[in-house]
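# A closer look at the structure
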Amino acid sequence: MKKTLLLCFLLAFQTMAYAGRGELLYETHCHACHGPEMHQRSHRIATDWGSLLAQVQRWESNTGLNWSQDEINDVANYLNERYYGYSEPGHHSEQNDPVRSRLQ
Ligand code: HEC
């Protein structure tokens, strides 16, 4: 009995770890309005990594979530891996500047 319980905990924990922060944030805050269909439509607004990041940032601030740059990156990463498949230039620190200046 104890072993079964332990196994349940381990499995639950693994699932949580697998989901990742980007997915959890998206499911919690963004999924109410749209799911996969928004990211798979033919006339996407997000046409590369930079514009995808800008869209995530746009919706994050539209909905007043106050995410950190890390959290925005995680959600953009999650959407990119799951739906868009754009190549991400450089690392996180390099991505921020062009997008920030585009939004200003
Ligand atoms: C109030 C409803 C609403 C919420 C909440 C919302 N979105 Fe959206 N989202 C939309 C609508 C509507 C569009 C389409 C806008 C357009 O076509 O101009 C959109 C478009 C997008 C797109 C562009 C899709 C594409 O490639 O064309 C992305 C990316 C996106 N949302 C991400 C997010 C993220 C991330 C969140 C959570 C922080 C979020 N959205 C929360 C309504 C919402």
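See the structure printed just above.
Everything numeric here is computed off the predicted structure, so don't read it as measured data.

Here we take up the overall build of the protein chain. The secondary structure content of the protein chain amounts to five helices and zero strands. Counting helices and strands in the order they occur from the N terminus, the protein chain gives α-α-α-α-α. Counting across all 104 residues of the protein chain, residues that qualify as buried make up 19%. Long-range contacts, defined here as pairs at least 24 residues apart, represent 73% of the contacts in the protein chain between residues at least 6 apart.

Quick look at the site of the ligand now. Every one of the 20 residues lining the ligand counts as a neighbour, but C30, C33, R44, A46 and W59 are closest to it. When residues of the shell around the ligand are traced back to their parent elements, those giving at least two are α1 (2–29), α2 (36–40), α3 (49–62) and α4 (69–84). No other element matches α3, which puts five residues into the shell around the ligand. Its residues assigned to classes, the shell around the ligand shows 13 nonpolar, five polar and two charged.

Procedures and definitions
Residues numbered from 1 in each chain as written. Predicted model: local features only at pLDDT ≥ 70, side-chain atom pairs only at ≥ 80, totals over all residues. Helix = DSSP H or I, 4+ residues; strand = E, 2+ residues; numbered from the N terminus. Buried ≥ 20, exposed ≤ 12 C-beta atoms within 10 Å, placed from the backbone. Contact = placed C-beta atoms within 7 Å. Near = placed C-beta within 6 Å. Nonpolar A, V, L, I, M, F, W, Y, C, P; charged D, E, K, R; others polar.

Functional significance is not addressed by these values, which are geometric in nature.
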